[in-house]
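Secondary and tertiary structure notes
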Number of protein chains: 2
Amino acid sequence: MTLQAEKGHFYAVGIGPGAPDLITLRAARILEAADALVAPRSERSGESLALRIAAAHVHGQEVLVHAYPMIRDQASTRASWAQVADWVAMRMEAGQAVAQLTLGDPLLYSTSAYLLECLLERVPAERLHVVPGISAMQAAAAAFGAPLTVQEDRLTLMPATDLAAVARALDGCETLVLYKVGGRLPALRALLAERGLLDQARLGCAVEQAGREVLYRDLGEPVDAALGYLSVVLVRCGHRPWREA
Amino acid sequence: MTLQAEKGHFYAVGIGPGAPDLITLRAARILEAADALVAPRSERSGESLALRIAAAHVHGQEVLVHAYPMIRDQASTRASWAQVADWVAMRMEAGQAVAQLTLGDPLLYSTSAYLLECLLERVPAERLHVVPGISAMQAAAAAFGAPLTVQEDRLTLMPATDLAAVARALDGCETLVLYKVGGRLPALRALLAERGLLDQARLGCAVEQAGREVLYRDLGEPVDAALGYLSVVLVRCGHRPWREA
């Protein structure tokens with residue numbers, strides 16, 4: 001069960017949350033063997049964090065660093081990914097192995113979903129592969145050393161964009177993980193306070209990113225509201241033990 | 001942000017779903033540098049799958065291979081882990097670095113939760129560390145090449161032990177991931193058929209375990225009921241697009 005980078009194939013490669021050593025051996029080998037790489041850069045900073053994290057595995061491959069629109073518009077997102085897919089498909093047809101670097105896991109809130117969808121219209125499905133990566137949720141839980149789920153617990157992972165949906169989710173799981181908290185951090189804290197859950201909530205910001213990581217073990221403490229960006233919030237709202245046999 | 005195995009410290013190390021190359025660089029280095037290792041073995045087979053997966057990183061360390069009771073009893077589970085914790089704490093106090101190998105991720109339905117809890121009563125919390133690992137859910141999704149979540153999707157992860165709770169969960173998320181399907185696979189298929197979701201459900205059995213992996217892309221096909229064991233079921237029950245800005 002080891003995966004080799006094959007000529008004419010594409011790999012969506014998860015490189016984990018930020019620490020270069022949280023890359024899997026498979027991801028490292030696929031990146032090293034690829035002929036061409038696709039990596040995102042932030043429109044704000046202009047820099048590719050993904051390329052920096054995976055720097056040890058990048059050595060002379062052709063690299064397409066592309067900005068992706070940070071606006072939430074389906075049509076412009078699709079148009080932007082269609083261009084990247086053309087670039088990738090052309091190289092696959094020329095017999096190259098192509099890999100896309102993506103932070104975290106390629107199948108959890110990742111841009112790989114768009115690129116894979118566009119590539120499916122251009123190349124056979126059996127030439128498309130995914131290499132899983134450590135997600136921000138796992139890195140945050142590990143940083144706190146706190147179990148996400150044991151025994152019969154249910155975990156729900158969702159964006160914090162709709163606080164009414166967040167409130168409903170709190171009733172249907174034992175651990176709630178929130179991405180995309182952003183500017184809603186104060187409103188989220190108010191909701192958690194109402195439920196008596198503030199001291200069961202933890203926040204990890206830029207977890208495993210050198211020099212940027214901030215951890216709050218207890219959202220009851222005063223928290224810099226700007227930390228909502230790049231954050232994961234973990235709420236332990238209950239526990240479901242084994243039912244007696 | 002690289003983690004070194006320190007003397008007198010403990011590491012709960014996720015080694016991923018089964019393929020030796022889905023171990024992270026950090027996990028590999030911690031295991032290699034550890035003085036003593038703890039690994040589970042199945043009571044049924046008597047073998048330690050974890051040790052076999054991580055064989056490339058095990059070379060002469062002292063190894064405690066322990067059986068853990070497969071019965072769901074809180075008291076005997078705790079007693080069993082207290083013994084392992086004594087073994088680990090004694091070596092930590094003697095200045096050794098100790099690592100526990102665990103399949104998947106140490107904080108998702110893992111025995112590491114019990115060992116960490118017992119160790120917290122014996123050694124200072126700052127000597128306990130967790131190295132995240134690729135979970136079975138991520139490996140299964142990667143094998144199918146199908147996104148778990150995009151845009152505003154909610155994902156719920158839970159054991160399939162309580163099918164009434166599974167039915168409720170289907171109404172509150174866009175992707176449902178079920179562990180511990182076991183003998184309930186026929187009843188689960190009946191529930192999914194009722195909801196018209198059978199062809200949106202996939203099953204991965206022993207994903208990334210050499211020679212044992214079985215994948216069903218569509219639970220509408222006839223499925224060997226015995227495959228419920230070691231399986232992950234992924235149900236795509238909806239999609240929540242971005243709300244228009």
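Residues numbered from 1 in each chain as written. Chains lettered and ligands numbered in written order. Predicted model: local features only at pLDDT ≥ 70, side-chain atom pairs only at ≥ 80, totals over all residues. Heavy atoms only, no water.

1. Brief notes about the relation of the copies chain B and chain A
Here chain B sits on chain A after a turn of 180 degrees about the axis and a move of 0.0 Å along it, with an RMSD of 0.0 Å. The transformation relating the two chain copies, once decomposed into turn and shift, fits a two-fold axis. Take the interface residues of chain B: 100% of them recur as interface residues in chain A, which is what a same-surface contact looks like. (Least-squares fit on C-alpha atoms with pLDDT ≥ 70 in both. Contact = heavy atoms within 4.5 Å.)

2. What about helix α4 (residues 112–120) of chain B?
Residue and element names in this part refer to chain B. Judged by how many residues are buried, α4 sits mostly within the fold: seven of nine residues are covered. Along α4, the positions that sit buried rather than exposed are Ser112, Ala113, Tyr114, Leu115, Leu116, Cys118 and Leu119. Buried positions along α4 lie against β1 (10–14), α3 (74–93), β4 (98–102) and β5 (128–131). (Buried < 20%, exposed > 50% of the residue type's maximum accessible area, 1.4 Å probe, protein only. Helix = DSSP H or I, 4+ residues; strand = E, 2+ residues; numbered from the N terminus.)

3. Overview of the sheet that holds β1(B)
Residue and element names in this part refer to chain B. One open sheet accounts for five strands, arranged β3-β2-β4-β1-β5; its pairing is parallel. At either margin of the open sheet sits one strand with a lone partner, and together these are β3 (62–67) and β5. Looking at each pair of strands side by side, their axes are set apart by 20 degrees on average, direction ignored. As paired elements, strand β2 (residues 36–41) and β3 share six bridges and run parallel to each other. Within β3, the residue paired with Ala36 across the bridge is Glu62. (Pairing = 2+ DSSP bridges. Axes fitted to C-alpha atoms, helices over the stretch in contact; angles between N-to-C directions.)

4. What to know about the packing of helix α6 (residues 163–170) of chain B against helix α7 (residues 185–194) of chain B
Residue and element names in this part refer to chain B. Two elements in contact, α6 and α7, have axes separated by 11 Å at closest approach and are oriented at 30 degrees. On the basis of their axis angle, the class for α6 and α7 is roughly parallel. Considering how the two elements wind past one another, α6 and α7 form a crossing that is right-handed. Taken together, the residues of α7 that come into contact with α6 (itself represented by Leu163, Val166, Ala167 and Leu170) are Ala187, Leu188, Leu191 and Leu192. Split into classes, the residues belonging to the contact of α6 with α7 amount to eight nonpolar, no polar and no charged. (Parallel < 35°, antiparallel > 145°, perpendicular 65-115°, else oblique. Left-handed = near helix turned anticlockwise from the far one by under 90°. Nonpolar A, V, L, I, M, F, W, Y, C, P; charged D, E, K, R; others polar.)

5. Quick look at α6(B)
Residue and element names in this part refer to chain B. When α6 is considered as a whole, its buried residues turn out to be Ala165, Val166, Ala167, Ala169 and Leu170. Elements in contact with the buried residues of α6: β6 (155–159), β7 (175–179), α7 and β10 (231–236). At the N-terminal boundary of α6, the capping side chain belongs to Asp162, with an oxygen 3.2 Å from the backbone nitrogen of Ala164. (Polar contact = N/O pair within 3.5 Å; in protein donor to acceptor, adjacent residues only side chain to side chain.)

6. Side note on the state of the cysteines
Residue and element names in this part refer to chain A. Applying the stated criterion across every chain, the model contains zero disulfides over all chains. With no disulfide of its own, Cys173 lies 4.1 Å from the sulfur of Cys237, the closest cysteine sulfur. For Cys173, a relative accessible area of 4% gives the class buried. Taking the relative accessible area as the measure of exposure, Cys237 reaches 22% and is therefore partly exposed. (Disulfide = S-S within 2.5 Å.)

7. Concerning the nonpolar core
With 131 residues, the main nonpolar core has A:Phe10 and B:Phe10 as its most contacted residues. Once residues lying within four places of it in the same chain are set aside, the contact partners of A:Phe10 are A:Val88, A:Met92, A:Val98, A:Ala99, A:Gln100, A:Leu115, A:Leu116, A:Leu119, A:Arg127, A:Leu128 and A:His129. (Core = buried A, V, L, I, M, F, W, Y, C linked by side-chain atoms within 4.5 Å.)

8. Points about the interface of chain B and chain A
If you look at the interface, chain B gives 61 residues, while chain A gives 61 residues. Summing both sides of the interface, chain B and chain A together bury roughly 5600 Å²; the carbon and sulfur share of this comes to 56%. Counting across the interface, chain B meets chain A through eight salt bridges. Measuring nitrogen to oxygen at the nearest pair gives 3.1 Å for the salt bridge that ties A:Arg240 to B:Asp162. In this assembly, chain B and chain A are joined by 34 residue pairs in polar contact (both at pLDDT 80 or more). Partitioned by chemical class, the residues of the side of chain B that touches chain A number 30 nonpolar, 15 polar and 16 charged. Two elements, strand β6 (residues 155–159) of chain A and β6(B), share three bridges in a ladder whose sense is antiparallel. Its bridge partner lying in β6(B), A:Leu157 is registered against B:Leu155. (Buried area = accessible area lost by both parts, 1.4 Å probe. Salt bridge = Lys/Arg side-chain N within 4 Å of Asp/Glu carboxyl O.)

9. Some thoughts on the pairing of strand β8 (residues 201–205) of chain B
Residues and elements named next belong to chain B. Most of β8 sits inside the fold, with four of its five residues counted as buried. Note that β8 and β10 share five bridges and pair antiparallel. In the sheet register, Cys205 faces β10, and the bridge partner there is Ser231. One ladder, built from three bridges, connects β8 with strand β9 (residues 214–216); its direction is antiparallel. Within β9, the residue paired with Cys205 across the bridge is Val214.

10. A short note on the packing of aromatic side chains
Residue and element names in this part refer to chain A. In total, this model carries four aromatic pairs over all chains according to the counting rule given. Residues Tyr109 and Tyr179 carry aromatic rings whose centres are separated by 5.5 Å and whose planes lie at 55 degrees to one another, so their mutual orientation is tilted. Taken together, the residues span a long stretch of sequence, with Tyr109 in the loop between β4 (98–102) and α4 (112–120) and Tyr179 in strand β7 (residues 175–179) at a distance of 70 residues. Above the face of the Trp87 ring, Arg91 is positioned so that its terminal group lies 3.9 Å from the ring centre. (Phe/Tyr/Trp six-rings, centres within 6.5 Å; stacked < 30°, edge-to-face > 60°. Lys NZ or Arg CZ within 6 Å of the ring centre and 35° of its normal.)

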